[in-house]
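Inside the fold
Below, each chain spelled out in residue letters.
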Amino acid sequence: MCGIVGYIGTREASPILLEGLKRLEYRGYDSAGVAVLADEALKLKKHKGRVTDLAKNVSGNGLSGQLGISHTRWATHGAVTEENAHPHVSSDGKIAMVHNGVIENYLSIRKFLEGEGYTFYSETDSEALCNLIAYHYAKEDADSDNRFLNSVRKTLSHIEGTYGIAVMCVEQPNELVGARKGSPLIVGIGADEYLLASDVSAIISRTSNVVYLNDGEIVSLKDGELNLITSDEQALTPEVKKIDWEIAESELGDFRNYMLKEIFDQPKALENAMRGRFSDDQSTAKFGGLNVSAQELRQIDRILLCACGTAWHACLVGEYLIERFARIPVEVEYASEFRYRNAPLDKNTLVMVISQSGETIDTLAALRESKRKGYKTLAINNSVGSTIARESDGGIYQHAGPEIGVASTKAFTSQLHILSMLALYLGRLRDMSFQEGLDYVKALKQAPALVAETVKLNDQILEVSKKYKDMTDCLFLGRQDMFPIALEGALKLKEISYIHAEGYPAAEMKHGPIALISGECPAIVLATQPDIHGKLVSNIQEVKARGAPVIAVANESNPLPEDLVDDQILIPNCHRAILPVLASIPMQLLSYHIANLRGCDVDKPRNLAKSVTVE
Ligand code: F6R
């Protein structure tokens with residue numbers, strides 16, 4: 001939610017800020033702004049709309065200077081207007097600030113500051129924070145070297161809520177200050193320059209050396225030096241980490257948008273999820289960073305999987321896989337529910353969170369709550385160095401590469417693959433035989449090639465999409481591990497095409513949703529499991545009998561009778577360990593093409609942001 005970029009160095013700031021903002025647009029894209037400081041004068045440009053439009057306004061507008069801050073917004077407080085866009089400037093004109101997060105006590109701060117003569121021009125919570133910095137700055141000793149840093153530090157001690165901020169002061173043209181609590185912030189260390197950003201993608205073209213700020217830390221970038229302190233003024237030694245991303249991984253190449261690129265990236269993402277993660281005898285998986293011994297894992301009675309959105313669907317598939325192959329009971333919780341529910345957990349429960357970004361606030365809170373209660377916490381996560389990766393006791397990195405399209409595709413199938421590997425690993429610690437393990441590993445290794453085969457259905461799925469692009473409602477039906485894939489299919493369709501869609505267990509349809517069925521409401525049925533084929537055929541009959549068109553996804557060796565379905569997409573036969581991955585591909589391509597044919601912006605769907613850092 002919202003992306004921020006700051007720059008201080010020897011080069012022109014605004015082109016660097018705008019490039020960074022473009023890469024952060026997935027975090028929010030309703031308005032954007034940039035401010036640059038030079039010769040003790042602040043130059044500011046804001047725009048309601050996308051970063052590319054802001055860039056057009058900035059070019060040739062004299063936004064010259066080597067210190068600047070910028071922001072791309074996902075509105076929380078206040079409508080999408082230029083006034084509410086960031087950067088905000090204090091009413092005395094001295095402080096400029098960009099903010100990602102939510103200031104919960106902003107109303108009382110605002111009231112106090114209005115009493116002190118400060119004027120407010122926006123409806124945002126952020127402006128209260130900006131003016132409070134100005135208030136403290138005015139009170140600090142004018143001769144102090146740390147006047148600006150101290151004013152930010154003192155301000156933050158009064159703040160309730162979350163923030164990642166980048167701040168400039170007109171009277172301190174050599175200093176950029178950043179701070180975080182609850183919203184991510186990193187410092188990029190380049191040649192003769194520092195950058196502040198919400199995440200690595202914004203700075204990767206300039207440097208791969210990064211310092212991740214922890215909650216409560218404040219950084220001053222001044223005269224070529226990085227000074228990191230805690231909220232109680234303790235000096236910290238910054239830990240510089242090397243990022244191993246290639247800039248090419250976040251480029252579009254020949255693809256027309258990121259979602260399509262990322263769908264086609266999946267074979268590689270699956271390869272990366274498996275690299276170096278099988279035992280020498282090829283009968284089980286191994287994970288370097290779990291930080292839990294085989295001994296400890298054998299003691300587990302239950303696993304709790306916790307996440308939000310698409311990652312929650314991955315958890316549901318994980319439940320099927322782990323229960324089926326490792327015979328360990330699994331519970332799945334929405335992180336947003338778990339964090340406030342105070343659920344009783346058994347002593348021998350392992351808590352595992354799943355998050356592509358590693359910054360989702362609810363997932364992070366669920367992790368923290370579990371840790372506080374003394375549970376061992378693991379994470380499956382795609383963003384090296386993210387808050388969730390750093391705060392969990394151990395985990396498994398996805399190595400799927402940057403996912404930029406707002407709708408998750410490759411991160412989802414990579415999570416499924418890792419959960420399947422985990423089911424194998426846990427299964428082999430219990431009752432899975434050596435031979436079953438060998439077969440399982442073989443199946444996992446076949447997944448990249450089979451996914452490459454499945455994405456070749458692209459042209460057929462485009463044709464199917466043309467037939468259904470104008471539908472207003474759609475049902476996705478599946479049984480067992482295909483039920484979460486149905487949920488995910490429905491989520492993909494609604495989030496990028498704005499068509500109302502629901503995922504349901506195929507047999508549950510009769511307990512209510514069947515009332516929706518009509519010629520106007522097609523059903524997409526995942527009929528991929530040979531052992532329950534007959535049951536799925538019956539469910540399709542029930543739908544057909546009520547006049548709804550049926551699009552079936554089935555296995556090549558088990559197609560449905562042609563007269564039973566209107567359209568049929570056949571995926572390669574495969575082991576059950578990788579079926580959810582394969583069955584996800586037609587769901588992704590269908591929603592992609594339908595959205596595209598409807599003229600929707602698939603990479604930046606309305607109202608959404610990729611990294612949900614507010615509750
Ligand atoms: C939907 C989607 C979201 C995310 C959810 C959790 O396509 O991407 O539902 O899955 O916001 O995000 P992460 O995985 O970053 O915690």
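Residues numbered from 1 in each chain as written. Predicted model: local features only at pLDDT ≥ 70, side-chain atom pairs only at ≥ 80, totals over all residues. Heavy atoms only, no water.

Moving on to the overall build of the protein. In terms of regular secondary structure, the protein is built from 18 helices and 25 strands. A compact globule built from 615 residues should have a C-alpha radius of gyration of about 25 Å, and the protein, at 26 Å, falls within 12% of that. Every one of the 615 residues in the protein was classed for burial, and the buried ones make up 61%. Pairs at least 24 apart in sequence give 71% of the contacts found in the protein among residues at least 6 apart. Of the roughly 22,800 Å² that the protein leaves accessible, carbon and sulfur atoms contribute 47%. Here the protein contributes 64 positive and 81 negative side-chain charges, whose respective centroids are spaced 2 Å apart. (Helix = DSSP H or I, 4+ residues; strand = E, 2+ residues; numbered from the N terminus. Rg over C-alpha atoms; globule rule 2.2 N^0.38 Å. Buried < 20%, exposed > 50% of the residue type's maximum accessible area, 1.4 Å probe, protein only. Contact = heavy atoms within 4.5 Å. Areas by Shrake-Rupley, 256 points an atom, 1.4 Å probe, with all protein chains shown as cover. Lys, Arg positive; Asp, Glu negative; His and termini not counted. Charge placed at Lys NZ, Arg CZ, Asp CG, Glu CD.)

A cis amide bond links His 86 to the next residue, Pro 87, at an omega of 0°. Tracing the backbone through its elements, the reader meets Pro 87 in the loop between strand E4 (67-73) and strand E5 (88-89). If you check the backbone angles, Glu 233 has positive phi at about 70° while not being a glycine. If you trace the backbone, Glu 233 turns up in the loop between strand E13 (225-230) and strand E14 (235-236). Phi at Gln 480 takes a positive value of approximately 55°, unusual for a residue other than glycine. In this fold, Gln 480 is placed in the loop between strand E21 (473-478) and helix H16 (482-497).

A word on the pattern of salt bridges. On inspection of all chains with the given rule, the structure shows 36 salt bridges. Salt-bridge contacts for Arg 147 lead to Glu 171; the nearest nitrogen and oxygen are separated by 3.8 Å. With Arg 147 in helix H5 (residues 147-156) and Glu 171 in the loop between strand E7 (163-169) and strand E8 (172-181), this pair connects stretches of sequence that are 24 residues apart. Measuring nitrogen to oxygen at the nearest pair gives 3.1 Å for the salt bridge that ties Glu 463 to Lys 466. (Salt bridge = Lys/Arg side-chain N within 4 Å of Asp/Glu carboxyl O.)

What follows deals with the domain arrangement of the protein. Domain assignment breaks the protein into domain 1 (3-243), domain 2 (252-432) and domain 3 (456-601). Once you take the C-alpha centre of each, domain 2 and domain 3 turn out to be 26 Å apart. In this assembly, 26 residues from domain 2 lie in contact with 24 residues from domain 3. At the boundary of domain 2 with domain 3, total buried surface from both sides reaches about 2,100 Å², with 70% on carbon and sulfur atoms. Scanning the region where domain 2 abuts domain 3 turns up 0 salt bridges. Our enumeration of links across domain 2 and domain 3 arrives at 9 residue pairs in polar contact (both at pLDDT 80 or more). Within the residue set of the side of domain 2 that touches domain 3, elements represented by two or more residues are helix H6 (258-264), helix H7 (266-274), helix H9 (309-326) and helix H13 (410-428). (Domains from an automatic or database assignment. Buried area = accessible area lost by both parts, 1.4 Å probe. Polar contact = N/O pair within 3.5 Å; in protein donor to acceptor, adjacent residues only side chain to side chain.)

Along the polypeptide, Ile 540 turns up in helix H17 (residues 533-544). Separated by 12 residues in sequence, Ile 540 and Ala 552 place their C-alpha atoms 8.7 Å apart.

To continue, consider the environment of Ala 486. Considering the arrangement of structural elements, one finds Ala 486 in helix H16. Since its relative accessible area comes to 0%, Ala 486 is described here as buried. Distance from Ala 486 to Val 525, taken between C-alpha atoms, is 7.9 Å for residues 39 residues apart in sequence. In contact with Ala 486, not counting residues within four places along its chain, are Phe 476, Leu 477, Gly 478, Gly 503, Tyr 504 and Leu 526.

In space, the 7 strands of this open sheet follow the order E5-E6-E7-E8-E12-E13-E14, with antiparallel pairing throughout. A strand with exactly one partner marks an edge of an open sheet, and here the two such strands are E5 and E14. Running at roughly 140° to strand E6 (residues 95-100), helix H4 (residues 126-139) makes contact with E5, E6, E7 and E8 of the sheet. Its contacts with the sheet put H5 on E6, E7, E8, strand E12 (217-222) and E13, and the angle it makes with E8 is roughly 25°. (Pairing = 2+ DSSP bridges. Axes fitted to C-alpha atoms, helices over the stretch in contact; angles between N-to-C directions.)

What surrounds the ligand is a group of 14 residues, the closest being Ser 355, Gln 356, Ser 357, Thr 360 and Glu 495. The contact in question runs from an oxygen atom of the ligand to an N or O atom on the backbone of Ser 408, over 2.9 Å. In the environment of the ligand, an oxygen atom lies 3.0 Å from a nitrogen or oxygen atom belonging to the side chain of Lys 492. Contact with the protein chains removes 89% of the 410 Å² of surface that the ligand exposes when unbound. Listed by contribution, the elements that provide at least two residues to the shell around the ligand are H9 and H16. The dominant element in the shell around the ligand, judged by the number of residues it contributes, is H9, at 3 residues. Partitioning the shell around the ligand into residue classes produces 5 nonpolar, 7 polar and 2 charged. (Near = heavy atom within 4 Å. Nonpolar A, V, L, I, M, F, W, Y, C, P; charged D, E, K, R; others polar.)

Quick look at the packing of aromatic side chains now. For any two aromatic rings, the description comes down to two numbers: the centre-to-centre distance and the angle of the planes. On inspection of all chains with the given rule, the structure shows 6 aromatic pairs. Taking the centre distance of 5.7 Å and the plane angle of 40° together, the rings of Phe 255 and Phe 264 count as tilted. Three or more aromatic residues joined by ring pairs make a cluster, and in this case those are Phe 112, Tyr 118 and Tyr 135. A cation sits over an aromatic face here: Arg 147 above Tyr 137, 3.8 Å from the ring centre. Between Arg 606 and the ring centre of Tyr 498, over which it is positioned, the NZ or CZ distance is 3.8 Å. (Phe/Tyr/Trp six-rings, centres within 6.5 Å; stacked < 30°, edge-to-face > 60°. Lys NZ or Arg CZ within 6 Å of the ring centre and 35° of its normal.)

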